[in-house]
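Structure at a glance
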Amino acid sequence: MELSLAGRRALVTGAGKGIGRSTVQALHAAGAQVVAVSRTQADLDSLVRECPGVEPVCVDLGDWEATERALGGVGPVDLLVNNAAVALLQPFLEVTKEACDTSFDVNLRAVIQVSQIVARGLIARGAPGSIVNVSSQASQRALTNHSVYCSTKGALDMLTKIRVNALNPTVVMTPMGQANWSDPQKAKTMLDRIPLGKFAEVENVVDTILFLLSDRSSMTTGSTVPVDGGFLAT
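Residues numbered from 1 in each chain as written. Predicted model: local features only at pLDDT ≥ 70, side-chain atom pairs only at ≥ 80, totals over all residues. Heavy atoms only, no water.

As annotated in an unreviewed UniProt entry, the protein carries the name L-xylulose reductase isoform X4 and comes from Tursiops truncatus. Here is the UniProt Subcellular location (unreviewed entry) comment for the protein, exactly as written: "Membrane". UniProt lists a comment for the protein under the heading Sequence similarities (unreviewed entry), and it reads "Belongs to the short-chain dehydrogenases/reductases (SDR) family." (UniProt positions renumbered as here; feature names shortened; annotations may be inferred.)

If you want it as structure tokens, here you go:
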């Protein structure tokens with residue numbers, strides 16, 4: 001399927017690792033111009049070496065003022081992937097103010113801010129565009145020690161309503177996914193609830209992101225798309 005992404009300018013947050021990094025690589029391979037946003041300069045440096053021409057922006061999206069300075073003059077953007085997120089796992093009775101603030105600042109507030117910046121530019125240019133939010137199956141099902149994370153992703157799903165779509169993956173085998181689900185007993189409790197019996201690979205998520213960014217999904221809007229091996233259908 002031809003996705004016609006060549007020549008379009010995309011911005012990807014959380015671009016240093018995992019889903020975000022693989023999305024940048026796929027967009028670059030498809031001929032898009034990519035602005036890669038990460039809080040880790042070393043990750044951006046290695047990404048630029050892998051994908052010459054990618055525009056790196058190093059900023060902590062949890063800092064509203066710094067984000068405005070870094071992205072306020074980013075220029076025209078046609079495609080936005082809001083991927084940056086943190087998963088701070090704590091039992092409910094041990095949830096801290098710091099975990100709440102950090103989680104909502106990055107997983108929700110930054111999505112609002114970056115989407116505002118991009119959407120204002122699209123409206124000013126009278127240009128079509130697409131925004132994809134990387135949500136989670138955790139937005140629709142409760143998970144042990146994920147009370148804050150689930151809440152941020154539930155809020156993100158509710159935010160997803162214009163020419164915007166969200167995808168809701170299961171556990172994805174990124175470094176963060178491997179770190180949080182490496183315990184076989186813990187992993188089994190989740191795998192037993194996934195009809196396909198496996199966690200998602202990064203490319204499963206990236207393929208869905210590219211489709212939702214493309215004009216091939218022009219009649220899909222305000223939707224949440226599971227990439228979960230059937231978890232939410234059970």
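Each helix and strand in the protein was counted, giving eight helices and seven strands. The C-alpha radius of gyration of the protein comes to 17 Å, within 12% of the 17 Å expected for a compact globule of 234 residues. Dimensions of the protein, computed from the C-alpha atoms along their principal axes, are close to 50 × 40 × 35 Å. By residue count, 48% of the 234 residues in the protein fall in the buried class. Residue pairs at least 24 apart in sequence account for 70% of intrachain contacts in the protein once pairs closer than 6 positions are excluded. Accessible surface, the protein: about 10,900 Å² in total, of which carbon and sulfur atoms supply 56%. Side chains of the protein carry 20 positive and 22 negative charges; the gap between the two charge centres is 3 Å. (Helix = DSSP H or I, 4+ residues; strand = E, 2+ residues; numbered from the N terminus. Rg over C-alpha atoms; globule rule 2.2 N^0.38 Å. Buried < 20%, exposed > 50% of the residue type's maximum accessible area, 1.4 Å probe, protein only. Contact = heavy atoms within 4.5 Å. Areas by Shrake-Rupley, 256 points an atom, 1.4 Å probe, with all protein chains shown as cover. Lys, Arg positive; Asp, Glu negative; His and termini not counted. Charge placed at Lys NZ, Arg CZ, Asp CG, Glu CD.)

Before going further, it helps to spend a moment on the packing of helix α4 (residues 97–125) against helix α5 (residues 147–159). Taken N-terminus to C-terminus, the directions of α4 and α5 make an angle of 15°; their axes are 10 Å apart at the nearest point. By the criterion of interaxial angle, the relationship of α4 to α5 is roughly parallel. Viewed along their axes, α4 and α5 form a crossing whose handedness is right-handed. In contact with Ala99, Cys100, Ser103, Phe104, Asn107, Leu108, Val111 and Ile112 of α4, α5 contributes Val148, Tyr149, Ser151, Thr152, Ala155, Leu156 and Leu159. (Axes fitted to C-alpha atoms, helices over the stretch in contact; angles between N-to-C directions. Parallel < 35°, antiparallel > 145°, perpendicular 65-115°, else oblique. Left-handed = near helix turned anticlockwise from the far one by under 90°.)

A separate point is the packing of aromatic side chains. Overall, the coordinates contain one aromatic pair when judged by the stated rule. If you follow lysine 186 out to its NZ or CZ, it ends over the ring of tryptophan 181, 4.5 Å from the centre. (Phe/Tyr/Trp six-rings, centres within 6.5 Å; stacked < 30°, edge-to-face > 60°. Lys NZ or Arg CZ within 6 Å of the ring centre and 35° of its normal.)

Before going further, it helps to spend a moment on helix α2 (residues 41–50). Inspection of α2 places Asp43, Leu44, Ser46 and Leu47 among the buried residues, and these make up the whole buried set. Seen along its axis, α2 keeps its buried residues to an arc of 165°; they face one direction. Looking at α2, the residues exposed on the side facing more than 90 degrees away from the buried face are Ala42 and Arg49. (Arc of directions from axis to C-beta.)

All right, on to the side chain of asparagine 107 then. The topology assignment puts asparagine 107 in helix α4. Among the polar contacts listed, one links the side chain of asparagine 107 to the backbone nitrogen of valine 86, at a separation of 2.9 Å. One polar contact links asparagine 107 to threonine 152, side chain to side chain, over a distance of 3.1 Å. Asparagine 107 has contacts with Ala84, Ala85, Val86, Tyr149, Thr152 and Leu156, leaving out every residue within four places of it along the chain. (Polar contact = N/O pair within 3.5 Å; in protein donor to acceptor, adjacent residues only side chain to side chain.)

Counted under the stated rule, the structure contains eight salt bridges. The partner of aspartate 43 in a salt bridge is lysine 17, and the shortest N-O contact between them spans 2.4 Å. In this pair, aspartate 43 sits in helix α2 while lysine 17 sits in the loop between β1 (9–13) and α1 (18–29), placing the two residues 26 residues apart along the sequence. By relative accessible area, aspartate 43 is classed as buried at 14%. The salt bridge involving lysine 188 is made with aspartate 192; its shortest N-O contact spans 2.8 Å. Note on aspartate 192: relative accessible area 54%, which makes it exposed. (Salt bridge = Lys/Arg side-chain N within 4 Å of Asp/Glu carboxyl O.)

We now examine the sheet that holds strand β7 (residues 224–227). Spatial strand order, β3-β2-β1-β4-β5-β6-β7: seven strands in an open sheet with parallel pairing. Among the strands making up the open sheet, the edge pair consists of β3 (55–58) and β7. Within this sheet the neighbouring strands show an average axis-to-axis angle of 15°, counted without direction. Both strand β5 (residues 130–134) and strand β6 (residues 164–169) contribute to a ladder of four bridges, which runs parallel. Counted as the bridge partner of valine 132 is asparagine 165 from β6. The strands touched by α2 within the sheet are β2 (33–38) and β3, with β3 carrying the most contacts at an inclination of about 175°. Against the sheet, α4 engages β1, β4 (79–82) and β5, with an angle of about 175° to β4. (Pairing = 2+ DSSP bridges.)

Counting across every chain of the model gives one cavity of 30 Å³ or more. Along the walls of the largest cavity sit Thr13, Leu61, Asn82, Asn83, Ala84, Val106, Ala110, Val111 and Val114, which together make up its complete lining. In terms of residue count, α4 provides more of the lining of the largest cavity than any other element does, four residues in total. Of the residues in the lining of the largest cavity, the class split is six nonpolar, three polar and no charged. (1 Å grid on protein atoms, 1.4 Å probe; cavity = no way out; pocket = protein on both sides within 12 Å on 5 of 7 lines; lining within 4 Å. Points joined across faces, edges and corners; volume = space filled by probe spheres on them. Nonpolar A, V, L, I, M, F, W, Y, C, P; charged D, E, K, R; others polar.)

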